[in-house]
Structure formats: C-alpha cells, structure tokens
Amino acid sequence: MAEDVRRVLVTGVGSVSPLGGDTEALWAGLVAGRSGAGPITRFDASGMDSRIACEVKDFTTEGVLDRKDAKRMDRFVQFAAVAAHEAMRRSGLDPQTLDHDRVGVVIGSGIGGMETFEQQHRTLLERGPGRVSPFFIPMMISDMAAGQVSLQFGLRGPNFGTVSACASGAHAIGESLRLLRAGDADVMICGGTESTITPMAIAGFCSARALSTRNDDPQRASRPFDADRDGFVIAEGAGLLVLETEEHARRRGAPVLCELAGYGASADAHHLTNPAEDGNGAARAMRRALEDAGVSPEDVDYINAHGTSTTAGDPVEVLAVKSVFGGHARRLMMSSTKSMTGHLLGAAGGLEAVITALALERGVVPPTINLEHADPRCDLDFVPHQARTQDVRVAVSNSFGFGGHNAALVLKART
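Definitions and limits used
Residues numbered from 1 in each chain as written. Predicted model: local features only at pLDDT ≥ 70, side-chain atom pairs only at ≥ 80, totals over all residues. Heavy atoms only, no water. Helix = DSSP H or I, 4+ residues; strand = E, 2+ residues; numbered from the N terminus. Buried < 20%, exposed > 50% of the residue type's maximum accessible area, 1.4 Å probe, protein only. Contact = heavy atoms within 4.5 Å. Areas by Shrake-Rupley, 256 points an atom, 1.4 Å probe, with all protein chains shown as cover. Lys, Arg positive; Asp, Glu negative; His and termini not counted. Charge placed at Lys NZ, Arg CZ, Asp CG, Glu CD. Pairing = 2+ DSSP bridges. Salt bridge = Lys/Arg side-chain N within 4 Å of Asp/Glu carboxyl O. Disulfide = S-S within 2.5 Å. Expected span 1.5 Å × (residues − 1). Core = buried A, V, L, I, M, F, W, Y, C linked by side-chain atoms within 4.5 Å. Axes fitted to C-alpha atoms, helices over the stretch in contact; angles between N-to-C directions.

**A word on the overall build of the protein chain**
- Scanning the protein chain from terminus to terminus reveals 13 helices and 14 strands.
- A buried classification covers 60% of the 415 residues belonging to the protein chain.
- In the protein chain, the proportion of contacts linking residues at least 24 apart, taken out of those at least 6 apart, comes to 78%.
- Per element, the accessible surface of the protein chain, about 15,600 Å² overall, is 49% carbon and sulfur.
- Mean positive and mean negative side-chain charge positions of the protein chain (41 and 51 charges, respectively) differ by 2 Å.

Spelled out as structure tokens, the structure:
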C-alpha cells in the first residue's frame, strides 16, 4: 500500500447470526465451539432432502425499529437494520452530529427478499394480482438493505447493494474501502445480509446437491475440510462493519478494532457453480489483497476461510492458499467459522469480516469444529475443535461465490 493512501479503520461491528442476536452472543458461541444448526422450523421441510439449517432464533426488531417500518421490510432487511444499529452504537457514532452527506452504506445480499417473493407469489396465484402488496417490490429487491439503513439514520453518502452470490458481503466491504480511500465518504456502513431459509431456496439448493443431508445429526453436518463432508448447511443473518478514514476516527476519539488494509477481487471464468480446480481465481484475489495492503504472505497469521463444507470447494481453497503462501501455508492458522454459523450466502463475507476483526482485537482464533476425519487434500492447521488464544497481527478473510466471484480482505491489528 502506498504511503499516501488513506488508512481505513474498523470502529464498530454489528451482527445477527444463528449463534445469537448480537455480536457478543456470536463471539461467545464461536469461542465455545457451538453449532447453530438444527431442524428447519421456518416451514414444513419434511419433503426436502435437506431438512436442517442454521436459523436465527428469537429474532425481534422491538426496541430497535419502528413497528410500521419493520412490517415493510423483508426479514433480510430487518437483519441488516438491527445489525446496523448495533454497529453504530458500538462505534460511538452519534447520528445527530454526523455530517450525513459524508456517511455511506453498501450492503450485499446474494438473493434478497426470497421470503417476500414466495409469499406474494402465493397471493398472486390464490387471490389475484389486485391483492399483491404495493410493498412487494421495495421489500424484495436486494438493494433495500442499504436503502433502509440509510433511511434509518438519514445517511446521504454513497449508497448501493452488491450482488455476487456468496462473495456479496465481502465485495460490499471492499468497495467501501475504495470509496473511503477515494475521498467519497468519511464513514461507511458495510457488509452483508441474507434470509433464504424458504421452500423455494431449499428446494433449489437440494436440486443442485449443494446442501448437507445429515438430517439426523445437524450440529455435526457443517464439517469444512473433513473427509466426510457432504455439502453446506444453509444459514441466515447479517454482519456489518463501520469503516472510517483514520483522520475521521482519530478526530473523534473512536474505538478502533483493527485496520481494513487490503482488498482483492477476481473471477474464475470457469463454471456456473464450481470453482476452478487449480484455485487460480481465489489465489489471484488473495494476492491482490495482500499487495493492496502492502504485506507479504509471510506476514499473515490467520485466514478466515470460505470453507463451506462442500466436496469441491474446500480442497480448491486449500490449493489456492498453498499457491499464495508457499511454505508459510503450514505455519499460519486457517479456520472455517461456517462449521458453527453455517453458510450465510451473501451475508457470509460480512459476518466473517466481523469475526476476523474480533479475532484481531481479542487475540483469539475461532476453531473449525466437526473436523474428525481429515481429508488428505486438506492438510493445513485448521484450528480443530477448540478456539486458540494467540496474537493475530494480519488476517485474511476469503469469500467465493457461484458465478466464479472471488473476494479477499486483509485486516491488520490496530497500531
């Protein structure tokens, strides 16, 4: 990173996840190695091949959102709005004193308002077009997470959504980094949100044979890098960061979790759903992120892996890491927190950036649980079973999506 490039700091985080309704609950679950998986309760999944998910339980918008506003939001937007309120609170930003023209929002979602779409489609078929809600479109479209968060706080800076499947949240954070460096904003709220535990979504992923069918043992179903993995466990939730230019953060005495130092993006241009077998696309994203951050591969202590628990994806990510880090790959730590949270699709990169920031701040690396029978192709230090207390100075968070989308973020400990 050039010396004249603006430094960007992470000053707040917010989350809604299968491990709890806020970030401290998320962190406690991760450190304890607890799985958020269980039988699907949001609809009758008895006819599905996969009947398990990592659902957000006991979610409420009470005390955070106006009831009328909440009713006009799909669940994925509600998650983002609640996480944004937490992130703003933890950052110490006062909405009353902000320069609202200098604060932006970029939030990714891979699918958007799937639940609203299915509900309103049933209404169309059963009751006719005149009964479809006038709020159907603004509740469903994926940019509305960013739109509604800006409305909540009156934020008038750059505002849009990113859509790149399971890389959406990471792309939102990376593009926010670029906006801050370019001087287009002083503060950005960014990350990802998703809520697609619905009949159509589960049926579609089942047809693609992407989901685990370990229905009788859901808490052991998400098993990244394990030889017995059989697909990912779908999840829902949101993870958001508050990013600030160093000047803005220092001026107001903001709490600093870490620095967002680098971002790299690439495409596989290989296949609709499968990664390139040589890991070239993922490797290029990581290399670009490291170059952008001005750090060498040997500087990296920890990688929060994409690690979805799919048969094709996990070994390719390991191959990409070995390509980028060489011999250092065996010295760094690499864990998949999806073993506990499940796969939040477009929100995964956002939530995992939150987790990576906390690992840097707190000196604890979350584990990969359910790693019982190592795949011989996956032979790195995946921090199995138990969290590890260890200082982390530089970390990478990886996100890869259907369509061949790759994004990597580099975060550095605060200085």
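Moving on from the coordinates now.
**So, the pairing of strand β4 (residues 103–108)**
- Within β4, six of the six residues are buried, leaving the element largely enclosed by the surrounding structure.
- Side chains Val 103, Val 105 and Ile 107 of β4 all project onto a buried face; the interleaved residues Gly 104, Val 106 and Gly 108 project onto the opposite face, where all are buried too.
- Relative to strand β6 (residues 187–194), β4 runs parallel, the two being bridged by six bridges. Bridge pairing in β6 links Gly 108 to Gly 192.

**Considerations on the pattern of salt bridges**
- Inspection of every chain in the model, using the stated rule, returns 26 salt bridges.
- Ionic pairing is found between Arg 377 and Asp 375, a salt bridge with its closest N-O pair at 3.0 Å.
- Accessibility expressed as a relative area gives 5% for Asp 375, which makes it buried.
- It is possible to trace a salt-bridge network through shared partners that takes in Glu 24, Glu 86, Arg 90, Glu 361 and Arg 362.

**Some words on the state of the cysteines**
- Overall, the coordinates contain zero disulfides when judged by the stated rule.
- The thiol of Cys 378 is not disulfide-bonded; the next cysteine sulfur, from Cys 166, is found 18 Å away.
- Residue Cys 378 is classed as buried on the basis of its relative accessible area of 4%.

**What to know about helix α13 (residues 348–362)**
- Its 15 residues give α13 an end-to-end C-alpha distance of 21 Å, which sits within 8% of 21 Å, the value for a rise of 1.5 Å per residue.
- The buried fraction of α13 amounts to 13 of the 15 residues, a majority that puts the element mostly inside the structure.
- The positive-phi residue at the C-terminal boundary of α13 is Gly 363, with phi of around 65°.

**Here we look at the nonpolar core**
- Among the nonpolar cores identified, the biggest contains 54 residues, and Val 10, Ile 173, Leu 241, Leu 243, Leu 260 and Leu 409 are the most heavily contacted of them.
- Looking at which element gives the most residues to this core, the answer is α13, with nine residues.
- When near neighbours in sequence (up to four residues on either side) are disregarded, Leu 241 contacts Val 10, Gly 12, Val 13, Ile 173, Met 188, Ile 189, Cys 190, Ala 353 and Val 354.

**Re the sheet that holds strand β7 (residues 237–245)**
- Pairing is mixed across the open sheet formed by ten strands, whose spatial order is β5-β4-β6-β7-β1-β8-β14-β13-β9-β10. Each end of this open sheet is capped by a strand with a single partner; those strands are β5 (159–162) and β10 (333–335). Averaged over all pairs of adjacent strands, the angle between strand axes in this sheet comes to 25°, irrespective of strand direction.
- Sheet topology places strand β9 (residues 302–304) next to β10; three bridges connect them, and they run parallel. The partner of Tyr 302 across the bridge, within β10, is Met 333.
- Relative to strand β8 (residues 258–267), helix α10 (residues 280–293) is tilted by about 145°, and along the sheet it contacts β8, β13 (394–401) and β14 (405–413).

Shape descriptors only; they carry no functional weight alone.
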